[in-house]
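Letter by letter, the chains look like this.
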Amino acid sequence: MRPSWDEYFMQIVDLIKTRSTCMRRQVGAIIVKDKRILATGYNGAPVGCKHCSEVGCLREKLNIPSGQRHELCRAIHAEQNAIVQAAYSGTSVNGATLYVTTQPCVLCAKLAINAGITRIVFNGEYPDELSMILLEEAGIEVVKV
């Protein structure tokens, strides 16, 4: 059977996450508008910086639970990387859909809201209630598949 558009893009996101260098969780993201891919992203260290696989995971060493103390992670989240990739190439994501393997954290939710993303489709849980509150408040359509 032919997949729906949401299924199709979620399958692509599952491939994108395989590029992740995070030792705890591989996440992939894709930004789509009018059924066209605008940008992709996965979680990993900033360009030119060493990956956690090379230097170790500080969050793991400090036993920090998922969803807490984001500032202690050397990686950029997949959603952030996708938004930055679009900005780097001068591509507007206003009115686009963000597909991501995991529910966005509050930082990614705020970026998506201000970038003009109007719909988010995800399939994995993430312990961040505030992100869902902000997305609802901003009128972002959120779909869990």
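Note: the structure precedes this text.
These notes cover the structure that comes with them.

### Observations regarding the overall build of the chain
Next, step 1: Scanning the chain from N- to C-terminus turns up 6 helices and 5 strands.
Next, step 2: For the chain, the α and β elements follow one another from N to C terminus as α-β-β-α-α-α-β-α-β-α-β.
Next, step 3: In terms of overall size, the chain behaves like a compact globule, its C-alpha atoms giving a radius of gyration of 15 Å where 145 residues would be expected to give roughly 15 Å.
Next, step 4: Its C-alpha atoms give the chain principal-axis dimensions of roughly 40 × 35 × 30 Å.
Next, step 5: Counting all 145 residues of the chain, 41% fall into the buried class.
Next, step 6: For the chain, the share of sequence-separated contacts (at least 6 apart) that also reach a separation of at least 24 residues comes to 54%.
Next, step 7: Accessible surface, the chain: about 8,200 Å² in total, of which carbon and sulfur atoms supply 53%.
Next, step 8: Distance from the positive charge centre (16 side chains) to the negative charge centre (14 side chains) of the chain: 8 Å.

### Structural notes on the environment of Thr-18
Next, step 1: By secondary structure assignment, the location of Thr-18 is in the loop between α1 (5-16) and β1 (28-33).
Next, step 2: Sequence separation between Thr-18 and Leu-111 is 93 residues; the distance between their C-alpha atoms is 23 Å.
Next, step 3: A distance of 2.6 Å separates a polar atom in the side chain of Thr-18 from the backbone oxygen of Leu-15.

### Some words on the sheet that holds strand β4 (residues 119-122)
Next, step 1: Pairing in this open sheet of 5 strands is mixed, and the strands run β2-β1-β3-β4-β5 from one edge to the other. Two strands bound the open sheet, and with one partner strand each, they are β2 (36-42) and β5 (141-144). On average, each strand axis in the sheet is inclined to that of its neighbour by 15°, with strand direction left out of account.
Next, step 2: Pairing of β1 with strand β3 (residues 97-100), which is carried by 4 bridges, proceeds in the antiparallel orientation. Across the sheet, residue Ala-29 finds its bridge partner in β3, namely Val-100.
Next, step 3: Contacts from α1 reach β1, β2, β3 and β4 within the one sheet, and its direction differs from that of β1 by about 140°.

### What to know about the side chain of Asp-128
Next, step 1: With respect to the helices, strands and loops of the structure, Asp-128 is situated in the loop between β4 and α6 (129-137).
Next, step 2: Among all residues touching Asp-128, those that are not within four sequence positions of it are His-70, Gln-103, Cys-105 and Val-106.

### Digging into unusual backbone geometry
Next, step 1: The residue Lys-35 is not glycine, and still its phi comes out positive at about 65°.
Next, step 2: Here Lys-35 is to be found in the loop between β1 and β2.
Next, step 3: Despite not being glycine, Arg-69 has its phi angle at roughly 50°, a positive value.
Next, step 4: Looking at where Arg-69 falls in the secondary structure, it is placed in the loop between α3 (58-61) and α4 (78-88).
Next, step 5: Taking relative accessible area as the criterion, Arg-69 reaches 45% and is therefore assigned partly exposed.

### Digging into the nonpolar core
Next, step 1: Core analysis: the biggest nonpolar cluster contains 19 residues, and Ala-29, Ile-31, Val-93, Leu-98, Val-100, Ile-117 and Ile-120 have the highest contact counts within it.
Next, step 2: Per-element tally for this core: the top contributor is α4, with 4 residues.
Next, step 3: The next biggest cluster of nonpolar side chains, apart from the first, holds 8 residues, and it includes Met-10, Ile-16, Ile-30 and Val-32.

Calculation notes
- Residues numbered from 1 in each chain as written.
- Predicted model: local features only at pLDDT ≥ 70, side-chain atom pairs only at ≥ 80, totals over all residues.
- Heavy atoms only, no water.
- Helix = DSSP H or I, 4+ residues; strand = E, 2+ residues; numbered from the N terminus.
- Rg over C-alpha atoms; globule rule 2.2 N^0.38 Å.
- Buried < 20%, exposed > 50% of the residue type's maximum accessible area, 1.4 Å probe, protein only.
- Contact = heavy atoms within 4.5 Å.
- Areas by Shrake-Rupley, 256 points an atom, 1.4 Å probe, with all protein chains shown as cover.
- Lys, Arg positive; Asp, Glu negative; His and termini not counted.
- Charge placed at Lys NZ, Arg CZ, Asp CG, Glu CD.
- Polar contact = N/O pair within 3.5 Å; in protein donor to acceptor, adjacent residues only side chain to side chain.
- Pairing = 2+ DSSP bridges.
- Axes fitted to C-alpha atoms, helices over the stretch in contact; angles between N-to-C directions.
- Core = buried A, V, L, I, M, F, W, Y, C linked by side-chain atoms within 4.5 Å.

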